[in-house]
Amino acid sequence: MAGRRDGGMAGRAGHRAERPGAGSHTDRRGGNVLGSTGRWDAQIGAEAEAPPTPRPHPEGTIVTQPKMNVESFNLDHRTVAAPYVRVADQKTLPHGDVITKFDVRFTQPNEAHLDMASVHSLEHLFAEHSRNRSGDVIDFSPMGCQTGFYLILQGDPAMDDVLSLIEGTLTDITTATEVPAANEVQCGWGANHTLEGAQGVARDFLAARDEWSTVTR
Ligand code: ZN
């Protein structure tokens, strides 16, 4: 997890300094991120003069709502092509540490979703097994829409390393013999689990490994 994208934070810090008042909007990136930052930032600058106006999503589609606080609320979910992994957000903390949030999408939004017990068990399994592979995992949490998860890592890892972490963790999950902490002591709904369901979800996602980097249709 040592790789870093070139020029990332320096470029964004420069943008922030040029536009006081734009606030955290300058940190937001959508879609496949690399190569889209300049266009996104330019549009934010234009938007500040006459909000809300239709604006191109970083992937080139149109979102007509005013810009919202939550990155994924500014993502046109009709345009994505699950399964995929994309950078959803990145923040620099007050002491300079960087954390990066990934949208790990398992099913096509508004067309399919995971069953809740499988979501719950995959959350437990990934949370535990991913930390056997990386010390950078901060969080792995399900989306309420049951179409995927958010993975938060410390640092600014290279996407290839992130995909390898996800692939390795899900592969470990397919051979797990139990859902970790699936009991009333360690979980808030210990009965709501399915190892077989989570393993099926993991296998389906792994089977589409070559599609993970394709974010839009
Ligand atoms: Zn639980």
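Residues numbered from 1 in each chain as written. Predicted model: local features only at pLDDT ≥ 70, side-chain atom pairs only at ≥ 80, totals over all residues.

**Q** Could you give me a rundown of the overall build of the chain, with the residues and numbers involved?
**A** Check the secondary structure of the chain and you find 5 helices and 6 strands. Going residue by residue from the N terminus, the α and β elements of the chain occur as α-α-β-β-β-β-α-β-β-α-α. For the chain, with 217 residues in total, the buried portion stands at 27%. Contacts spanning at least 24 positions in sequence make up 64% of the contacts within the chain whose residues lie at least 6 apart. (Helix = DSSP H or I, 4+ residues; strand = E, 2+ residues; numbered from the N terminus. Buried ≥ 20, exposed ≤ 12 C-beta atoms within 10 Å, placed from the backbone. Contact = placed C-beta atoms within 7 Å.)

**Q** Before we move on, could you go through unusual backbone geometry and cite the residues and values that matter?
**A** The linkage connecting Ala82 with the following residue, Pro83, adopts the cis geometry, with an omega of 0°. As for its position among the elements, Pro83 is in the loop between strand S2 (62-63) and strand S3 (84-92). The phi dihedral of Asn110 falls on the positive side, at around 65°, and the residue is not glycine. Inspection of the secondary structure assignment puts Asn110 in the loop between strand S4 (98-105) and helix H3 (116-133). You can call Asn110 exposed: it has 10 C-beta atoms within 10 Å. Of note in this structure, Ala181 is not a glycine but carries a positive phi near 60°. Here Ala181 shows up in the loop between helix H4 (159-174) and helix H5 (195-207).

**Q** Please provide a residue-by-residue account of the sheet that holds strand S5 (residues 137-142), values included.
**A** The antiparallel open sheet is built from 4 strands, whose spatial order is S3-S4-S6-S5. In the strand order of this sheet, the two ends are held by S3 and S5, each with one partner. With direction set aside, neighbouring strand axes in the sheet form an average angle of 20°. Bridge count between S4 and strand S6 (residues 148-154): 7 bridges; the pairing is antiparallel. The residue of S6 that forms the bridge with Val104 is Phe149. Strand contacts of H4: S3, S4 and S6, with the helix running at about 120° to S3, the strand carrying the most contacts. (Pairing = 2+ DSSP bridges. Axes fitted to C-alpha atoms, helices over the stretch in contact; angles between N-to-C directions.)

**Q** I'd like to hear about the nonpolar core, residue by residue, with values.
**A** Of all hydrophobic cores here, the largest spans 31 residues; its most connected members are Val85, Phe102, Leu122, Ala198, Val201 and Ala202. Among the elements of the structure, S3, S4, H3, S5, S6, H4 and H5 are those that each provide at least two residues to this core. By residue number, the principal contributor to this core is H4, which donates 5 residues. Excluding its chain neighbours within four sequence positions, the residues that come into contact with Ala198 are Ser118, Ser121, Leu122, Leu125, Ile173 and Val179. (Core = buried A, V, L, I, M, F, W, Y, C linked by C-beta atoms within 7 Å.)

**Q** Which residues make up the environment of Val85, and what values go with them?
**A** Mapped onto the fold, Val85 is located in strand S3. Val85 sits 74 residues away from Met159 along the chain, and the two C-alpha atoms are 8.8 Å apart. Excluding residues within four positions of it along the chain, Val85 makes contact with Phe102, Val104, Val162, Leu163, Ile166 and Trp212.

**Q** Now, about the environment of Met159: what can you tell me, with residues and values included?
**A** You can see Met159 is positioned in helix H4. Along the backbone, Met159 and Val87 are 72 residues apart, and their C-alpha atoms lie at a distance of 8.5 Å.

**Q** Residue-level account of H5, with values.
**A** An ideal rise of 1.5 Å per residue puts 18 Å on 13 residues; H5 measures up with 18 Å between its terminal C-alpha atoms. Turning to H5, its buried residues are Ala198, Gln199, Val201, Ala202 and Phe205. Down the axis, H5 shows its buried residues gathered within 160° of arc, on one side only. Set apart from the buried face of H5 by more than 90 degrees, the exposed residues are Glu196 and Ala207. (Expected span 1.5 Å × (residues − 1). Arc of directions from axis to C-beta.)

**Q** Pulling in residues and values, what's your account of the pairing of S3?
**A** As paired strands, S3 and S4 are joined by 8 bridges and run antiparallel to one another. Following the sheet pairing, Tyr84 is matched in S4 by Arg105. Counting the residues in the hairpin turn of S3 and S4 gives 5 residues, including Gly96, whose phi is positive at 100°.

Shape is all these values report; function is a separate question.
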